[in-house]
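These are the residues of each chain, in order.
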Amino acid sequence: MKIAMAGLEPRAQIVSAWSFDVFDTFLLRACTTADGVFERTYELSGISRTCPNVSVSFVQHRIQAEARARRTANEKRGASEVHIAEIYSYFPFRLFGLTRPDLNGLVESEFAAEIELCRANPDMLRQYLDTKRAGHRVGFISDTYWDSDRLARLLRACRPGLTWDFLYASCDHGSSKSETMFARYLSEQGIDAATSFHVGDNEKADIRGAKRHGIQPRYYPQATAQLASRFQRETALFELLCAGAPSRLDHGARTLRRMVVSRSAEKSPAFHLGLTVLGPVMAAFDGFIARRCEEVSGPDRKVALGFLGRDGFLPHRIWKNLHGMTSAYIEVNRRVSLIASADTMRPLLDLLSKIFKIDAPTFRDIVKIMPPKVAAFFASFPNGIAPGEDLAKALPELMDAGEIVELAASLRARLLAYLRHMIPGFDNCTDLVLADLGYSGSAQKALRRIFDMEGLNIRLHGAYLLSLDDAFDDIAEEDSAEGFISDLVVTPHVKRMLIRNIALLEQICCSADGSVRDYDGDQVLREVNPRPASQIALAAEIQAGALAFAASAEDVALDFCLDPYAAPDVAARWCMATLVRLLLLPDDGELALLGELKHDVNLGTHALAPMIDADFVRNQITARGLSAACTSAAPPMWLAGSFARLSPSHAYLYTLFGANRLPADVFEERPCGPIQVGLFHANGEATLERVTVHRTGLGELRVRIPVSRAMSIAMIALPLPKFAAEGLLHGVTIQTADDVRDAAESQEVLGIAAESLVCAGIQRNGDHYRAETEDGCLLIPVAPMTQNIAIYSVAIAPLGSNPK
């Protein structure tokens, strides 16, 4: 962020001095937070070898030692400023196999870590030198435990030959900028406060501290509140999902993001999302793709790179901008490649079995024919839309396999003609790298079968952002496939949670065109794109931000001497944390921006599925419990976003579940007592039925009341005062099926409108209710039943005294 220097030249004669804060202003660290220095100290000191895998403990003890040192200093001297040696005097040496004489070694290790991680901020250096050349006095004022001698060594290590007129370290003077150090500086240097400036990043110490002494402050924030919040969530997720890996030493990836943002003009929220989140993910992925291309290169090899459309559209744009015309964007999807690779009906059946719903026009579009038996099959389903799995099971009896094989041969020829046009020198290639968002490599496997059938000796190598690694065991021996975020970066459980929510990333990264369905020479024949124009425009704006980050990141990294992608494993983990934070813990701004997106699944129908449905999640939790809600099948496509729409804590619980960190005995329901509910029959009779009240891990209550169609129930009376006289009524839901087990497990959950519920002897205002009499009841009308069993579930958060 450039500090305003307007009017500097005309006022040069009346400016007394410019002072600069040191850390996070003039010097920046190539780590996520300042305590990354402590994590690097752990490594440089040798403790990481004698006491491995305890960096978190080391860092926390270093932080606690500083707190104790400052507290003791304040008690003894009335000031909390301390030197580094005082801090380490409170460090638990024995715990880490050290003795007290090792104190100086720890101090030297931490100073070495500072020298290694600190960088002179080129933007701030430029302004420092400008003021110096203008004839102003310049120097540094820092709240630090490093004395002025070490601070000077650090500054000159980062900028050899740097000079200054004054340098103040708070530990040398026993006072901070928030206390009397500014006053000392003004007095000792004979500086006129009213004509002086101070630049810093800390609102309290630098800005308010300078103002209090009449100095004009210039604020240099580290990040906006929104970006800082996202960073905090990323770190929490990193520590949760990459336990044991250093969580602060990111080779400057976060510093790079901050600096790119600081040099960028304010634009739309969508552009900002691309600049701060998606751009860093895609830039790291681009580095991975480049490494994959290098790995498969070699003597007598001619390597080509193809990005699979549509999801590879944004990665291809970034590659093209950074590397030139050294790649091809090839529109090959799972559907086209699987059908083209068919020499039996099996690939088509595999494809259909993974389609949620499909209609007759889409089937005809896929296979180009419509046998009468298949038409009759579709006609037997409501609205002509059948489950893909049902069609896959029936199809061998509905059409001749020979028709599929003939269709495949024709499509295969058109596909290869298209590839020859898009990839220069295609037939001379020895290796083709396929870049995509990834998952199981189905398109790569299908292309392998196609190439083998046509006698093409081209090795295939997948370069995927995310990979389902257990799906790669059947990759051909001469081929390869690798995911940037592999199961060595996160666990398979976490990976499946990410892919459950990946539709959001797909919609942001894909092209504005419809999905490929066929080829005509060098032309791509596409399906109708059902996404609204507003959604396409939003994706384009996010992509523009991502492209802007990628375009400037290399130059900024060179300016700041950062190399965030030098260590592939570190780059992969932080890429994961950045992506996971967006997918699993979105903030309110992102939910507002992305929540209305729709997903076109490219298969089955032209229908659009919602990304977010918070009511769906709430109803699932009410009817089936938290864990079952976390395993809900799509739609909604962005399940984590649906949880986040309820609350950030719901989103975090979902994340814990996906990480296998949500113990069932803590968060699942437990019976807490029986109650009797009233059942009013259609004939006017009434009976009592005993049901069990369950308590959830979050302290809420659940009551589930099964009824059968044969019972002819018209109304259910739930005696709330008997178990929760006051509370919040979160909702009433209904599930139906032909037996109790199927009804209880059914994901088809309907919420009952609040206005249809009747309160008898109960005062209700919105969700809140309070029983007015001991025999008060919540009356739930029972809808006409079309299946044998219905289960009514009631969710309550009890208030006041403990429920009975």
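Report follows, based on the coordinates. Since the model is a prediction, treat every value here as computed from it, not as a measurement.

What counts as what
Residues numbered from 1 in each chain as written. Predicted model: local features only at pLDDT ≥ 70, side-chain atom pairs only at ≥ 80, totals over all residues. Heavy atoms only, no water. Core = buried A, V, L, I, M, F, W, Y, C linked by side-chain atoms within 4.5 Å. Buried < 20%, exposed > 50% of the residue type's maximum accessible area, 1.4 Å probe, protein only. Helix = DSSP H or I, 4+ residues; strand = E, 2+ residues; numbered from the N terminus. Contact = heavy atoms within 4.5 Å. Polar contact = N/O pair within 3.5 Å; in protein donor to acceptor, adjacent residues only side chain to side chain. Phe/Tyr/Trp six-rings, centres within 6.5 Å; stacked < 30°, edge-to-face > 60°. Lys NZ or Arg CZ within 6 Å of the ring centre and 35° of its normal. Axes fitted to C-alpha atoms, helices over the stretch in contact; angles between N-to-C directions. Parallel < 35°, antiparallel > 145°, perpendicular 65-115°, else oblique. Left-handed = near helix turned anticlockwise from the far one by under 90°. Arc of directions from axis to C-beta. Pairing = 2+ DSSP bridges. Disulfide = S-S within 2.5 Å.

1. Topic: the nonpolar core
Alright, step 1. Counting residues in hydrophobic clusters, the biggest one holds 91 residues, and the most contacted among them are M282, L465 and L594.
Alright, step 2. The element contributing the most residues to this core is helix α13 (residues 269-296), with 13 residues.
Alright, step 3. When neighbours within four sequence positions are excluded, M282 is seen to be in contact with L314, P315, I318, L437, L465, L505 and C509.
Alright, step 4. Membership of the second largest hydrophobic core comes to 71 residues, among which are F26, V138, W146 and L256.

2. With respect to helix α29 (residues 639-646)
Alright, step 1. Of all eight residues making up α29, six are buried, and the element is well covered by its neighbours.
Alright, step 2. Where α29 is buried, its residues meet α22 (492-500), α25 (568-584), α26 (588-594), α27 (614-624), α28 (626-630) and α30 (648-658).

3. Side note on the side chain of D123
Alright, step 1. In this fold, D123 is placed in helix α6 (residues 122-133).
Alright, step 2. By relative accessible area, which is 8% here, D123 ends up buried.
Alright, step 3. Here R126 takes part through its side chain, which lies 3.3 Å from a polar atom of the side chain of D123.

4. Notes on the packing of aromatic side chains
Alright, step 1. Tallied over the entire structure, the rule returns 30 aromatic pairs.
Alright, step 2. Seen from their ring centres, F111 and W146 are 5.1 Å apart, and the 65° between their planes marks the pair as edge-to-face. Of the two residues, F111 sits in helix α5 (residues 103-117) while W146 sits in the loop between β4 (137-142) and α7 (148-158), which places them 35 residues apart along the sequence.
Alright, step 3. Each residue in the set W18, F20, F26, Y128, F140, W164 and F197 is aromatic and connected to the rest through ring pairs, giving one cluster.
Alright, step 4. Lying over the aromatic face of Y145, R62 brings its terminal NZ or CZ to 5.0 Å of the ring centre.
Alright, step 5. Of note, K267 hangs over the ring of F271, and the distance from its end group to the ring centre comes to 4.6 Å.

5. What to know about the packing of helix α12 (residues 253-262) against helix α24 (residues 533-559)
Between two packed helices, the angle of one axis relative to the other and the distance separating the axes together describe the packing.
Alright, step 1. Contact geometry for α12 and α24: axes closest at 10 Å, N-to-C directions at 110°. With respect to α24, the element α12 is oriented roughly perpendicular. Taken as a pair, α12 and α24 cross one another with a handedness that is right-handed. For the pair α12 and α24, contact is made by L256, R257, M259 and V260 and by F549, S552, A553, V556 and A557, respectively.

6. Quick look at unusual backbone geometry
Alright, step 1. Residue A634 is joined to P635 through a cis peptide bond whose omega torsion reads -10°.
Alright, step 2. Along the polypeptide, P635 turns up in the loop between α28 and α29.
Alright, step 3. With omega at 5°, the peptide bond leading from P635 into P636 counts as cis.
Alright, step 4. Structurally, the position occupied by P636 is in the loop between α28 and α29.
Alright, step 5. Even without glycine at this site, D300 takes up a positive phi of about 65°.
Alright, step 6. Structurally, D300 is set in the loop between α13 and β8 (303-308).

7. What about helix α9 (residues 181-189)?
Helical periodicity: at 3.6 residues per turn, an α-helix aligns residues three or four positions apart in one direction.
Alright, step 1. Within α9, burial applies to M181, F182, Y185 and L186. In an axial view of α9, the angular spread of the buried residues amounts to 140°, which keeps them on one side of the axis.
Alright, step 2. Packing partners of the buried residues in α9 comprise β1 (17-20), β4, β5 (166-169), α8 (170-173), β6 (196-200) and α10 (203-212).
Alright, step 3. Within two residues after α9, G190 carries a phi angle of roughly 65°, on the positive side.

8. Re the side chain of E39
Alright, step 1. Locating E39 in the fold gives a position in helix α1 (residues 36-44).
Alright, step 2. Take E39: its relative accessible area is 1%, and that puts it in the buried class.
Alright, step 3. There is a polar contact of 2.8 Å between the side chain of E39 and the backbone nitrogen of R248.
Alright, step 4. The contacts of E39, once residues within four sequence positions are left out, are S55, V59, P246, S247, R248 and L249.

9. Things to note about the pairing of strand β22 (residues 713-718)
In regular strands, side chains alternate between the two faces of the sheet.
Alright, step 1. Here four bridges tie strand β19 (residues 670-681) to β22, and the two strands are oriented antiparallel to one another. Counterpart to L679 in the pairing with β22 is I716.

10. Some details on the environment of R624
Alright, step 1. Considering the arrangement of structural elements, one finds R624 in helix α27.
Alright, step 2. A C-alpha to C-alpha distance of 7.0 Å links R624 and E745, two positions 121 residues apart in sequence.
Alright, step 3. Aside from chain neighbours lying at most four places away, what touches R624 is S632, R704, Q735, A744, E745, S746, Q747 and V749.

11. Remarks on the sheet that holds β6
Alright, step 1. Pairing is parallel across the open sheet formed by five strands, whose spatial order is β5-β4-β1-β6-β7. The open sheet has two edge strands with one neighbour each: β5 and β7 (216-219). On average, each strand axis in the sheet is inclined to that of its neighbour by 20°, with strand direction left out of account.
Alright, step 2. Together, β4 and β5 form the strand contacts of α7, whose direction differs from that of β5 by roughly 120°.
Alright, step 3. Packed onto the sheet, α10 meets β6 and β7 and runs at close to 155° relative to β7.

12. Observations concerning the state of the cysteines
Alright, step 1. This model, assessed by the stated rule, comprises zero disulfides.
Alright, step 2. Sulfur of C509: no disulfide; nearest cysteine sulfur belongs to C510 and is 8.1 Å away.
Alright, step 3. No disulfide involves C561; its sulfur sits 9.3 Å from the nearest other cysteine sulfur, which is in C158.

Everything listed here is a matter of geometry and, on its own, says nothing about what the molecule does.
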